[in-house]
Amino acid sequence: MASTIPDPHPPATAAVNTPPPGERAGRVEVHGIDRIPESERHGRPRQLFAIWAAANVNYLSLVIGGALVLMGLSLWQALAVIVIGNLFWAPVGLLAVSGPASGTPSEVIMRAMYGVRGNRVNIAVVGWAIGTCYIALNLAASAYVAFSLVERAGITADTAVKTGVVVVIAALTLAISVYGHGMIVKLYLPITLVLTAVFAVTAVSIFQHADFGYRPAEPLAGTDLVAVLAAGVTLIASGPLSYSNSADFARYLPRTASRTSVATWTALGGFIPGVIVCALGAFAATALDMSDPQTALEGILPGWFTPVFLVSVVLGTIAINAMTAYSSGLALQAVGVRLRRSVSVVIDGVFATALTLYALLVSDFLDTVSDVLQLTVVVVGPSMAIYATDIVLRRARYDGEALTDETPGSPFWYAGGVRWSGCAALVAGMAASALCANTLYTGPVADALGGVDLSLPAGAVVAAGLYGLLARRTA
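The rules behind the values
Residues numbered from 1 in each chain as written. Predicted model: local features only at pLDDT ≥ 70, side-chain atom pairs only at ≥ 80, totals over all residues. Heavy atoms only, no water. Helix = DSSP H or I, 4+ residues; strand = E, 2+ residues; numbered from the N terminus. Buried < 20%, exposed > 50% of the residue type's maximum accessible area, 1.4 Å probe, protein only. Contact = heavy atoms within 4.5 Å. Areas by Shrake-Rupley, 256 points an atom, 1.4 Å probe, with all protein chains shown as cover. Phe/Tyr/Trp six-rings, centres within 6.5 Å; stacked < 30°, edge-to-face > 60°. Salt bridge = Lys/Arg side-chain N within 4 Å of Asp/Glu carboxyl O. Axes fitted to C-alpha atoms, helices over the stretch in contact; angles between N-to-C directions. Parallel < 35°, antiparallel > 145°, perpendicular 65-115°, else oblique. Left-handed = near helix turned anticlockwise from the far one by under 90°. Nonpolar A, V, L, I, M, F, W, Y, C, P; charged D, E, K, R; others polar. pLDDT = per-residue confidence, 0-100.

Glancing now at the overall build of the chain. Looking only at helices and strands, the chain features 21 helices and zero strands. Its C-alpha atoms give the chain principal-axis dimensions of roughly 60 × 55 × 45 Å. Per-residue burial for the chain yields a buried fraction of 56% across its 475 residues. Counting only contacts in the chain whose residues sit at least 6 apart along the sequence, the fraction spanning at least 24 positions is 85%. As displayed, the chain has an accessible area near 18500 Å², and 66% of this comes from carbon and sulfur atoms.

And the structure:
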């Protein structure tokens, strides 16, 4: 039985709260996917709140909140969807506890679910490919805002200027990612405070115009309402579900760190700003045309404040992308590429920057990538469900040293390097999710239900249930 697995590393008697020289903000992080030694563990769980809040006090959440009203929901229906969708930060918090338990990142911990070789395929898709696409999309979004700032300064945003803007934003992002965990911990609290102040001023302007009793002229009812509510929850939940990497930012905490605190501070760091900023977008949509949110918001913000708001949008996107690029670099290592973490981060960043420039200057690539990412819930939902189930079955007990062993002698080699129970559960969950999806296509189950998209709960329940059954039999 999974519950009988012993704790491979009994807790130490004291926590180390002072970062070692190699983990200080002004030095490039020396660790990658290797296990963090007990002597280098430091910090407190509450530091995780600022890390996740900085990545979620952002413009994208504002736009998504406004999109719910554009989809035909009333204000209060949209607010309910926002709260429910953001509850999916709870499993992100649960996943984070595996970081201090093993001292390794999520990209390595998932070897316990899929095997050393099987996990390489999983990480290549979930960790690297999807992560790189998100970096490109966020970089393009911040570039558009930066182009507006350049035009305000009286500079024509021609091809050369646009290229320079994208490169500068990418360089700032990669600088944080290359320096790594210590720099993220150091910078993200002040970034959170700055972004909170900017969005507080923005909120004042929005509330002065918002219609607190807003209802659409033709309210949705019946199956149409259920379909839009389900789609809205999936849209909001796709944000937290994309963060199966929460152990990456918790693995430096001492093993003595409270699991409850680790899970709570991580989850709250995403949930609180997610709800507040998305709600601001919904309030704004009751009075403004949020199909063009930047122009609409500029129309109600004080003239002196508009450039500040635009700069904050770029800063928030840099915060998101720095975390994504950091984990993407770890994913590239976990796939089997033998490079230092700092080098792998740069490679991912250069690749994402090239995609962004191609998208902005040559083709409609971003539209294609955006469409593909709408389907990520089909993959990331079941993947996160399996990860969370494994943590529950093992009671968050992971042997970090064994997880870093990639030889056939590893206890996580399973059968030829693959744990077929985990792979089967993932494929089954993805299939169930795909049958119930109503995004770029309508699956047969969604079609039979009148367009109601149940891809999120279907994929998660099937993946978790099958994995729990198979894992107990093969433990």
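Moving on: the packing of aromatic side chains. This model, assessed by the stated rule, comprises 15 aromatic pairs. Ring centres 5.3 Å apart and planes at 55° place the aromatic pair Phe212 and Phe283 in the tilted group. In this pair, Phe212 is assigned in the loop between helix 10 (181-209) and helix 11 (222-241) and Phe283 in helix 12 (residues 259-285), connecting sequence segments 71 residues apart. Given the relative accessible area of 42%, Phe212 is considered partly exposed. For Phe283, a relative accessible area of 10% gives the class buried.

We now examine the pattern of salt bridges. Close approach of charged atoms allows side chains with opposite charge to pair. Inspection of the entire model under this criterion finds 11 salt bridges. Here Glu401 makes a salt bridge to Arg35, at a shortest N to O gap of 3.9 Å. Here Glu401 is found in helix 18 (residues 400-403), whereas its partner Arg35 is found in the segment before helix 1 (47-54), with 366 residues between them in sequence. Between Arg120 and Glu406 there is a salt bridge whose closest N-O contact spans 2.8 Å. Of this pair, Arg120 sits in helix 8 (residues 116-152) while Glu406 sits in the loop between helix 18 and helix 19 (420-436), and the two are 286 residues apart along the sequence. For Arg120, a relative accessible area of 25% corresponds to the partly exposed category. Put simply, Arg35, Glu38, Arg41 and Glu401 are held in one network by salt bridges that share partners.

A word on the packing of helix 10 against helix 12. Remark: helix 10 packs on helix 12, axes separated minimally by 9 Å, with the N-to-C direction vectors making an angle of 25°. Between helix 10 and helix 12, the angle falls in the class roughly parallel. For the crossing formed where helix 10 meets helix 12, the hand is left-handed. In this structure, helix 10 uses Phe199, Ala203, Ile206 and Phe207 to contact helix 12, whose residues at the interface are Val277, Leu280, Phe283 and Ala284. Tallied by class, residues from the contact of helix 10 with helix 12 come to eight nonpolar, no polar and no charged.

Below, the discussion takes up the environment of Ala325. Within the secondary structure layout, Ala325 lies in helix 14 (residues 306-335). Since its relative accessible area comes to 1%, Ala325 is described here as buried. Considered as a pair, Ala325 and Ser102 are 223 residues apart in the sequence and their alpha carbons are 22 Å apart. Leave out the neighbours within four places in its chain, and Ala325 touches Ile135, Leu174, Ser177 and Val345.

Summarising the model, the chain shows a mean pLDDT of 89, and 91% of its residues fall at 70 or more. Low pLDDT (under 50) marks residues 1-16, which in the prediction has 33 contacts with non-local residues, meaning those over four places away or in another chain.

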